[in-house]
Amino acid sequence: MDAIMKAIQETGAQAVHPGYGFLSENNEFSRRLAEAGVQFIGPPEGAISAMGDKLMSKQIAKQAAVNIVPGFDGVVKDEDEAIGHAKDIGYPVMIKASAGGGGKGMRIAWNDDELREGFRLSTQEAASSFGDDRLLIEKFIDNPRHIEIQVLCDGHGNAVYLNERECSIQRRNQKVIEEAPSTFLDEKTRKAMGEQAVALAKAVKYQSAGTVEFLVDSKRNFYFLEMNTRLQVEHPITECITGIDLVHQMIRVAKGHPLSITQDDIGIDGWAVECRVYAEDPYKATFGLPSIGRLHKYSEPQHIPNVRVDSGITEGSEISIYYDPMISKLVTYGPTRQAALDTMKQALDSYIIRGVTHNISLLQDVLIHPRFIEGAITTNFLPEEYPDGFKGHQLTKQERLQLVSMASSILMKQSHKNRAFKNQTRIGCRESAPTCLGLIVTLDNQKISVQVQEIEDCYKVTMGDKTVTVSKNWSLGSDLLDLQVDNQSFSIQLISHDATGNLKIQFMGTSYALTIVPTEVAELESLMPEKKKPDVSKEVISPMPGKLFSLTVEVGQKVFEGQEVCIVEAMKMHNSLYAGRTGIVKAVHFGPSDSIGEGDIIIQLE
């Protein structure tokens with residue numbers, strides 16, 4: 001706040017748009033702006049307070065005849081009281097931070113033990129993120145959809161809804177993929193949800209853009225979840241299908257103008273999809289643990305028509321442990337849902353991010369999942385479809401053939417490039433370059449025998465009884481390789497390639513490690529002994545960079561397999577770490593509040 005107030009003084013700014021971070025719903029910030037005579041581009045303080053408090057917002061929603069989720073209308077004081085209310089409501093229940101948002105301070109509990117642990121973690125997380133550890137408890141609607149309604153209100157009593165956004169693809173209660181409109185709503189339900197959202201906004205004398213979130217069950221019954229008194233991260237998809245610039249409207253309302261649109265002016269034109277691109281490793285924990293580092297190479301797919309990228313970083317930017325791990329919001333638009341999805345898949349393939357681990361592999365895999373394509377999704381989509389966690393895209397036989405053929409063609413082109421010396425026409429190395437190579441490709445510990453032959457305008461690649469052709473009009477120096485395999489187009493990224501034949505290729509969003517060597521080299525390698533993997537079950541290793549929030553063991557203490565031994569805080573989220581085996585604590589290398597890196601050994605057992 002201090003830094004922004006200083007910037008206002010230096011620039012003479014008349015107004016501040018708070019974006020969609022924590023300050024956008026912070027009353028102290030809006031008060032400081034008012035004291036400085038600066039306009040806050042957002043709702044009035046009363047609306048922020050009323051809707052920011054989950055307990056008060058439920059009471060107001062009930063009075064405004066908005067459908068609400070059954071639960072306890074009050075602050076839950078401790079674990080025992082929470083268990084008592086949970087038994088009255090009936091498991092499963094949701095524990096939520098009263099002042100929360102963004103998925104922080106939220107846990108689902110299916111029994112008493114889970115409720116005790118969830119209450120403790122949610123209390124810590126809420127205090128850390130919001131400075132307010134009050135919790136509420138309500139019925140968890142199993143297998144729901146998360147659908148929200150965008151509202152827009154002015155200071156003259158006018159209010160409209162701008163249709164819905166489907167936000168059901170989530171991990172840790174945070175949205176990952178959103179689309180507008182929803183495949184599930186009919187016009188009757190859309191109208192009913194919109195009218196209730198407007199009724200709630202009017203009940204708190206709302207002004208500016210806001211979002212009312214609902215849970216929707218399989219029979220299209222809907223229940224109020226919360227109201228976000230700010231611009232949403234996913235607002236671009238609403239702008240795409242309505243043609244209305246929400247930020248422009250917020251500025252007009254803040255200036256005191258009445259809305260220039262009525263409900264009859266708002267329709268649905270086309271389809272839009274947003275993917276949240278995070279600096280996260282989607283293979284760890286519950287579909288993503290933060291990744292930090294410097295972006296040594298970064299290129300957004302802005303060259304593709306109907307693509308919008310909202311980001312706050314450039315090549316060379318650093319992703320740190322102190323902020324949300326979102327890199328950008330990638331948005332695509334089309335006349336139909338399929339057109340928007342096809343553009344999104346192309347954009348994800350063309351998005352170059354090097355220096356941090358990212359979640360493009362997960363995003364791409366969800367987009368091609370039959371259940372997502374059908375629109376049969378709920379907030380449980382990820383855990384249901386990836387019960388053992390996300391392992392990357394699982395290649396079909398045809399996709400495996402395509403990947404290996406492209407990788408083999410890369411090696412053939414590299415072998416020719418190695419023999420080419422600029423401005424050295426007398427050296428005859430180019431003429432001695434092979435036109436046919438016998439290779440052994442290793443992918444997922446499986447060895448594949450490949451023959452690559454260069455013909456006039458392509459490479460002919462043979463694996464067993466399968467033969468494909470791969471185009472050759474591409475350059476190894478490009479970050480993005482556009483190839484055709486049997487005239488089917490692919491955009492792949494050659495992430496790394498060394499002299500020993502190790503390649504890393506991003507294909508269909510997932511990075512695959514391959515080793516490609518000539519047949520005679522593979523024969524010699526087969527004689528080499530394999531290196532044994534070290535036993536790490538005696539160590540508790542941090543899976544992410546962050547800060548050690550708490551430590552529950554000490555040297556000499558006996559711990560049991562599966563026992564919680566510490567909590568690591570990263571990007572405002574609390575993550576419990578557990579002992580991998582039973583043993584005695586031999587050493588503790590970090591204490592509470594110490595900074596730790598990914599891979600650091602926190603505790604050793606004997």
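Please read these numbers as outputs of a predicted model, since none were measured by experiment.

### Regarding empty space enclosed by the protein
So, point 1. In the structure shown here, the tally under the stated rule is four cavities of 30 Å³ or more.
So, point 2. Computed from the structure, the largest cavity encloses a volume of approximately 90 Å³.
So, point 3. Taken together, 13 residues form the lining of the largest cavity, with Arg172, Gln174, Glu280, Pro325 and Met573 sitting closest to its centre.
So, point 4. In terms of residue class, the lining of the largest cavity is built from six nonpolar, two polar and five charged.

### Digging into the pairing of strand 21 (residues 446-454)
So, point 1. Across eight bridges, strand 20 (residues 436-443) lies against strand 21 in antiparallel orientation. Directly across from Leu437, in strand 21, lies its bridge partner Val452.
So, point 2. Here strand 20 folds back onto strand 21, and the loop between the two strands holds two residues, one of which, Asp444, carries a positive phi near 55°.
So, point 3. Of the pairings in the sheet, the one linking strand 21 to strand 22 (residues 458-463) comprises four bridges and is antiparallel in character. Bridging across to strand 22, Gln451 finds its partner in Thr462.
So, point 4. The hairpin turn running from strand 21 into strand 22, its antiparallel successor, is three residues long.

### Some points on the sheet that holds strand 30 (residues 558-559)
By way of backbone hydrogen bonds, the strands of a sheet pair with one another, either parallel or antiparallel.
So, point 1. Here we have four strands laid out as an open sheet, ordered 28-35-33-30, and antiparallel in their pairing. At either end of the open sheet lies a strand with only one pairing partner, and these are strand 28 (539-541) and strand 30.
So, point 2. Looking at chain direction, strand 30 and strand 33 (residues 583-588) are connected through two bridges and run antiparallel. Paired with Val559 across the two strands is Gly583, which belongs to strand 33.

### Notes on the environment of Glu569
So, point 1. Within the secondary structure layout, Glu569 lies in strand 31 (residues 564-570).
So, point 2. In sequence terms Glu569 and Ser595 are 26 residues apart; their C-alpha atoms lie 9.6 Å from each other.
So, point 3. Excluding residues within four positions of it along the chain, Glu569 makes contact with Ser128, Gly546, Lys547, Phe549 and His574.

### Overview of the state of the cysteines
So, point 1. Taken as a whole and assessed by the stated rule, the structure comprises zero disulfides.
So, point 2. There is no disulfide at Cys167, and the cysteine sulfur nearest it, in Cys275, is 12 Å away.
So, point 3. The buried category is assigned to Cys167, whose relative accessible area is 0%.

### Topic: the pattern of salt bridges
So, point 1. For the structure shown, the criterion picks out 39 salt bridges.
So, point 2. When the shortest N-O distance is used, the salt bridge between Arg337 and Glu179 registers 2.7 Å. Of this pair, Arg337 sits in helix 10 (residues 337-350) while Glu179 is found in strand 8 (residues 174-180), placing the two residues 158 residues apart along the sequence. We note that Arg337, like Glu179, is buried.
So, point 3. Each member of the salt-bridge network shares a partner with another, and the members are Glu148, Arg165, Lys175, Glu178, Glu213, Glu234, Glu274 and Arg276.

### Considering the pairing of strand 23 (residues 466-471)
Walk down a regular strand and you will see the side chains alternate between the two sheet faces.
So, point 1. Here strand 22 runs beside strand 23; their pairing, made up of six bridges, is antiparallel. When the sheet's bridge partners are listed, Lys460 is paired in strand 23 with Thr469.

### Details of the packing of aromatic side chains
So, point 1. Taken as a whole and assessed by the stated rule, the structure comprises eight aromatic pairs.
So, point 2. Relative to Phe390, the ring of Tyr283 has its centre 5.4 Å away and its plane inclined at 20°; by these criteria the two rings are stacked. In this pair, Tyr283 sits in the loop between strand 12 (280-281) and strand 13 (289-290) while Phe390 sits in the loop between helix 13 (381-385) and helix 14 (397-418), placing the two residues 107 residues apart along the sequence.
So, point 3. On the basis of relative accessible area, Tyr283 is assigned to the partly exposed category, the value being 36%.
So, point 4. Geometrically, the ring pair formed by Tyr386 and Phe390 is edge-to-face, given 5.4 Å between the ring centres and 85° between the ring planes. The exposure classification of Tyr386 matches that of Phe390, with both residues buried.
So, point 5. An aromatic cluster is present here, built from Tyr283, Phe287, Tyr386 and Phe390 joined pairwise through their rings.
So, point 6. Here the basic side chain of Arg220 rests over the ring of Phe184, its NZ or CZ set 4.6 Å away from the ring centre.
So, point 7. Over the ring of Phe372 we find Arg337; its NZ or CZ atom is 5.0 Å from the centre of that ring.

Thresholds, definitions, all that
- For every chain, the first residue of the written sequence is number 1, and numbering continues from 1 onward in sequence order.
- The predicted nature of this model means local features are confined to residues of pLDDT at least 70 and side-chain atom pairs, given and counted, to a pLDDT of 80 or more, with totals for whole chains, interfaces and linings taken over all residues.
- Just so you know, side-chain values use all the structure's heavy atoms and leave hydrogens and water out.
- The distinction between a cavity and a pocket rests on a 1 Å grid over the protein atoms alone: a 1.4 Å probe fits inside a cavity but cannot get out, while a pocket stays open yet meets protein on both sides within 12 Å along at least five of seven lines, and a residue with an atom within 4 Å of a point counts as lining.
- Grid points are joined across faces, edges and corners, and a volume is the space filled by probe spheres set on the points.
- Amino acid classes used here: Ala, Val, Leu, Ile, Met, Phe, Trp, Tyr, Cys and Pro are nonpolar; Asp, Glu, Lys and Arg are charged; the rest, including Gly, are polar.
- For two strands to count as paired, DSSP must find a minimum of two bridges between them.
- The numbering of helices and of strands both runs from the N terminus, where a helix is a DSSP run of H or I of at least 4 residues and a strand a run of E of at least 2.
- Residues count as neighbours in contact if any of their non-hydrogen atoms are within 4.5 Å of one another.
- Put simply, a disulfide is two cysteine sulfurs that come within 2.5 Å.
- Only protein chains enter the calculation, and the probe is 1.4 Å; a residue is then buried if its accessible area is under 20% of its type maximum, exposed if over 50%, and partly exposed in between.
- Each reported salt bridge corresponds to a side-chain nitrogen of Lys or Arg within 4 Å of a carboxyl oxygen of Asp or Glu.
- To pair, rings of Phe, Tyr and Trp, with the six-membered ring standing in for Trp, must have centres within 6.5 Å; the planes then decide the type, stacked if under 30 degrees apart, edge-to-face if over 60, and tilted in the middle.
- Whether a charge lies above a ring is judged from NZ of Lys or CZ of Arg, which has to be within 6 Å of the ring centre and within 35 degrees of the ring normal.

By themselves, these observations are geometric and do not establish any function.
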